[in-house]
Amino acid sequence: MNPKNNVTYFVLLGLTQNPKGQKILFVLFLLFYISCMAGNMLIVLTVSVSKTLNSPMYFFLASLSFMDIIYSSVVSPKLILSMLFGENTISFQFCMTQIFIGHFIAGSESFLLVVMAYDRYVAICKPLHYLLIMRQWVCVVLLIVSWIGGFLHSVIQLSATYGLPFCGPNVIDHFVCDMYPLLKLVCTDTYATGLLVAVSSGAICSIVFLFLVISYIIIFNSLKNLNQEGKRKALQTCGSHITVVVLFFVPCIFLYARPSKTLPIDKSLSVFCIVISPVLNPLIYTLRNSEMTDAIKTIWRRIITASENRLTG
């Protein structure tokens with residue numbers, strides 16, 4: 001820890017101080033977390049064991065679900081327990097860990113969404129060369145690059161925060177350790193640090209989102225060369241990805257692509273990003289994807305048949 005730092009722990013004000021409100025939020029967040037774990041684990045397991053879901057699209061989808069599991073688990077368990085027991089303190093080291101892992105996974109997801117858009121571009125615009133371009137080793141390399149990009153982004157965030165002097169107070173007006181609320185507690189000028197956060201998080205999110213919008217304009221323009229069935233399938237898969245992209249990047253841009261200050265809506269947007277969005281992603285991809293739903297039904301039938309055989313045997 002930095003020798004100038006007099007703070008060993010922080011107090012998170014959370015979402016509400018009302019005991020009744022905390023109990024209601026405890027139930028809601030617990031249900032969301034269980035749903036997140038169940039939905040995303042179902043996608044990972046289905047893609048892993050299914051013989052029909054062996055395309056790059058499903059490989060990246062399972063990777064996205066795995067990232068959502070980690071991302072939600074960084075904050076949700078601590079948040080749920082604080083709502084139940086009223087324990088709202090967090091150690092300095094665990095606070096830094098939340099920042100590192102949170103930005104690591106969020107950064108990796110943003111790059112992975114770009115990779116998934118590239119996969120759809122190749123599948124729709126270059127269908128005859130799709131299997132040649134999106135070979136297995138290429139998909140693995142693209143996934144590794146996404147993880148490395150997220151790691152480098154997180155290292156920048158942590159490096160900008162870890163060595164700052166926290167002299168007190170130690171009360172964070174948030175339910176999670178994040179950059180802008182934390183910078184309000186630093187007892188030195190944080191203009192340069194805030195600018196770094198705005199560039200490394202907000203500006204990058206804005207640029208990547210703009211890049212994805214342009215890429216989908218190109219993809220949609222190429223749909224005129226497909227037949228009606230091809231257009232339907234392309235719009236189905238692209239629609240799901242576009243929905244996830246909007247839900248991911250729009251809150252991110254609003255939270256970080258601005259000066260270093262906090263707004264009342266920040267907590268609500270953070271709840272959406274951390275608690276709600278990881279639950280929506282598996283619903284968006286499975287409900288609109290017949291191949292995924294068929295694979296899930298097949299696996300469940302196998303499980304039920306195997307259980308019945310054991311009981312009758």
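Shown above is the structure to which this text applies.
Owing to the predicted nature of the structure, the values given are computational and were not obtained by experimental measurement.

1. Here's the deal with the sheet that holds strand S1 (residues 9–12)
The pairing of strands in a sheet comes from backbone hydrogen bonds and takes either a parallel or an antiparallel form. Taken together, the three strands give an open sheet; going across it, the order is S2-S1-S3, and neighbouring strands pair in mixed fashion. Each end of this open sheet is capped by a strand with a single partner; those strands are strand S2 (89–91) and strand S3 (171–172). Contacts from helix H3 (residues 92–125) reach S1 and S2, with the element oriented near 85 degrees to S2.

2. Details of the pairing of S1
The pairing of S1 with S2 spans three bridges and is classified as antiparallel. Looking at S2, one finds that phenylalanine 10 is bridged to isoleucine 90. Across two bridges, S1 lies against S3 in parallel orientation. Bridge pairing links leucine 12 to isoleucine 172 in S3.

3. Considerations on the state of the cysteines
Applying the stated criterion across every chain yields a total of three disulfides. The disulfide that involves cysteine 95 links it to cysteine 177, with 2.0 Å between the sulfurs. Where cysteine 95 bonds to cysteine 177 through sulfur, the torsion about that S-S bond is close to -120 degrees, and the disulfide is left-handed. Remark: cysteine 177 occurs in the loop between S3 and helix H6 (179–183) and cysteine 95 occurs in helix H3; sequence separation between them is 82 residues. What pairs with cysteine 167 in a disulfide is cysteine 187, and their sulfur atoms sit 2.0 Å apart. In this structure the cystine formed by cysteine 167 and cysteine 187 twists about its S-S bond by roughly 45 degrees; its chirality is therefore right-handed. Taken together, the residues cysteine 167 in the loop between helix H5 (136–162) and S3 and cysteine 187 in the loop between H6 and helix H7 (191–222) connect sequence positions 20 residues apart. What makes cysteine 187 partly exposed here is its relative accessible area of 37%. Here the bonded cysteines of the protein chain are numbered in sequence order, and their pairing is 1-3, 2-4, 5-6. We note that cysteine 36 lacks a disulfide partner, and the nearest cysteine sulfur, in cysteine 273, lies 13 Å from it.

The rules we used
Residues numbered from 1 in each chain as written. Predicted model: local features only at pLDDT ≥ 70, side-chain atom pairs only at ≥ 80, totals over all residues. Heavy atoms only, no water. Pairing = 2+ DSSP bridges. Helix = DSSP H or I, 4+ residues; strand = E, 2+ residues; numbered from the N terminus. Contact = heavy atoms within 4.5 Å. Axes fitted to C-alpha atoms, helices over the stretch in contact; angles between N-to-C directions. Disulfide = S-S within 2.5 Å. Buried < 20%, exposed > 50% of the residue type's maximum accessible area, 1.4 Å probe, protein only.

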